[in-house]
Amino acid sequence: MGGDPGKARRVTMGAIMVTNVLITGGAGYIGSVLAPALLREGYAVHVLDNFRFDQTSLTDCCLDPNFRVTRGDCREKHTLALALHNADVIIPLAAIVGAPACDRDPTAAVSTNLDAIKLLLSLRSNAQRVILPNTNSGYGIGAKEAFCTEESPLRPLSLYGRTKVDAEQAVLDAGNAVTFRLATVFGLSPRMRLDLLVNDFVYRAVMDRAVVVFEGHAKRNFIHVRDVARAFTHAMANFESMQGKPYNVGLSDANLSKLELCDAICEQLPGFTALEAPIGEDPDKRDYIVSNARIEATGFRPQVSLADGIRELIKGFTILRNSRFGNV
Ligand SMILES: NC(=O)c1ccc[n+]([C@@H]2O[C@H](COP(=O)([O-])OP(=O)(O)OC[C@H]3O[C@@H](n4cnc5c(N)ncnc54)[C@H](O)[C@@H]3O)[C@@H](O)[C@H]2O)c1
């Protein structure tokens, strides 16, 4: 193993030791932003991913001698053991992500989101650090006007939420770990996701100038994908003092209802209309405001505002158009 995982590089007797980071699921929406960010900071990155979306998102990393990639399944013991061999820090991102995808294939959801994490914990050495992202959807319906902190109870309703919360508990119980409870992520990634709330609404605003909103007053919170990548590098640099706890990660000025999010989009696309309808239901019944005070006390500050992310997405959707079956 390559030395103090808190530092990207250190010099030992004239030789440069590089910290090795294994990212399972590193070719996904978050990983495709995180992997190049880590390479830029001097970490060596090994991605293990089964490329289930046929994504091409990491091709820009391949020239970097500090980048390794394995096409494989993180649920396979032999594959995972080999990938773990040289890692100082492990970031398990591989998952079946979101309630609809988990409901479509519950067996894959449990085996990927929970069983593979337990397998990883059984195979890693005690010195190998783990930083796991959880969803904050488990906060469910928060008490009105009261901020959810990391001490608030997690009561996930969906299979997705339950597998993620159980995986977080297993990781914290095992020790030498940090977990993040991520707000809903937004922004452009080379492996784009349009199912995320801000990305979805801005896409509809650009394409259709309208969106149908259900549960419009339900409050959610948000964080840009580049700030998620920064949260991981922050935890790696401050691991000693941060370890052993979960951390909420979101924009403290973006605890917004869906209709307030529509207003924020409308400021940049004035022709956009939100239509409220009594149809549809959030599988996790999310309606909460979240405090990020714990991670902010460690010195972490997000850098990308919701408005900047919306501006980025509007530009991005000029490039990304789903016109495969169109004739104009
Ligand atoms: N994006 C968000 O808003 C958000 C919020 C909270 C938590 N998270 C967590 O962050 C992580 C990454 O999410 P994302 O948004 O990048 O999703 P994503 O679906 O884009 O990425 C998941 C990646 O895992 C890979 N994968 C799936 N099954 C695999 C397997 N068996 N073996 C190897 N690779 C496999 C996929 O190919 C994909 O590249 C997940 O654990 C998710 O639960 C995301």
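Please refer to the structure higher up on the page.
On a predicted model such as this, the values are computed, not experimentally measured, just so you know.

**Student:** What's the story with the overall build of the protein in this structure? I'm lost.
**Tutor:** Summing up its helical and strand segments, the protein has eleven helices and 16 strands in all. A compact globule built from 328 residues should have a C-alpha radius of gyration of about 20 Å, and the protein, at 20 Å, falls within 12% of that. Across its three principal directions, the C-alpha atoms of the protein cover 65 × 45 × 40 Å. When burial is assessed residue by residue, the protein has 57% of its 328 residues classed as buried. Counting contacts in the protein only where the partners sit at least 6 residues apart, residues at least 24 apart contribute 80% of the total. The positive charge centre, built from 36 side chains, and the negative charge centre, built from 36, are 3 Å apart in the protein.

**Student:** Just checking my understanding: could you explain the packing of aromatic side chains for this structure?
**Tutor:** What describes a pair of aromatic rings is the distance from one ring centre to the other and the angle between the planes of the rings. Inspection of every chain in the model, using the stated rule, returns two aromatic pairs. Between the aromatic rings of Phe180 and Phe232, the centroid separation amounts to 5.1 Å while the plane-to-plane angle is 75 degrees, which identifies the pairing as edge-to-face. Of this pair, Phe180 sits in strand E9 (residues 177-182) while Phe232 sits in helix H7 (residues 225-237); the two residues are 52 residues apart in sequence, bridging distant segments of the chain. With a relative accessible area of 0%, Phe232 lands in the buried category. Between the aromatic rings of Tyr203 and Phe317, the centroid separation amounts to 5.0 Å while the plane-to-plane angle is 85 degrees, which identifies the pairing as edge-to-face. Taken together, the residues Tyr203 in helix H6 (residues 197-207) and Phe317 in helix H11 (residues 306-319) connect sequence positions 114 residues apart. It is Arg191 that lies over the ring of Phe53; its NZ or CZ is 3.7 Å from the centre. The ring of Tyr247 is capped by Arg294, whose NZ or CZ atom sits 5.9 Å from the centre of that ring.

**Student:** Which parts of the structure should I look at to understand the sheet that holds strand E12 (residues 219-224)?
**Tutor:** Strand order in the open sheet formed by three strands is E10-E12-E14, and the pairing between neighbours is mixed. Every other strand in the sheet has two partners, leaving strand E10 (184-186) and strand E14 (255-257) as the edge strands with one partner each. Taken over all neighbouring pairs, the strand axes of this sheet differ in orientation by 50 degrees on average, direction set aside. With respect to the sheet, helix H9 (residues 258-268) is in contact with E12 and E14, its orientation differing from that of E14 by roughly 95 degrees.

**Student:** How do you make sense of the environment of Asn134 when you look at a structure like this?
**Tutor:** Counting through the fold element by element, Asn134 comes out in strand E7 (residues 129-135). For the pair Asn134 and Lys164, spaced 30 residues apart in sequence, the C-alpha to C-alpha distance is 5.6 Å. In this view, Asn134 contacts Leu154, Lys164, Val165, Glu168, Phe180, Arg181 and Leu182; residues no more than four positions away in its chain are not counted.

Basis of the calculations
Residues numbered from 1 in each chain as written. Predicted model: local features only at pLDDT ≥ 70, side-chain atom pairs only at ≥ 80, totals over all residues. Heavy atoms only, no water. Helix = DSSP H or I, 4+ residues; strand = E, 2+ residues; numbered from the N terminus. Rg over C-alpha atoms; globule rule 2.2 N^0.38 Å. Buried < 20%, exposed > 50% of the residue type's maximum accessible area, 1.4 Å probe, protein only. Contact = heavy atoms within 4.5 Å. Lys, Arg positive; Asp, Glu negative; His and termini not counted. Charge placed at Lys NZ, Arg CZ, Asp CG, Glu CD. Phe/Tyr/Trp six-rings, centres within 6.5 Å; stacked < 30°, edge-to-face > 60°. Lys NZ or Arg CZ within 6 Å of the ring centre and 35° of its normal. Pairing = 2+ DSSP bridges. Axes fitted to C-alpha atoms, helices over the stretch in contact; angles between N-to-C directions.

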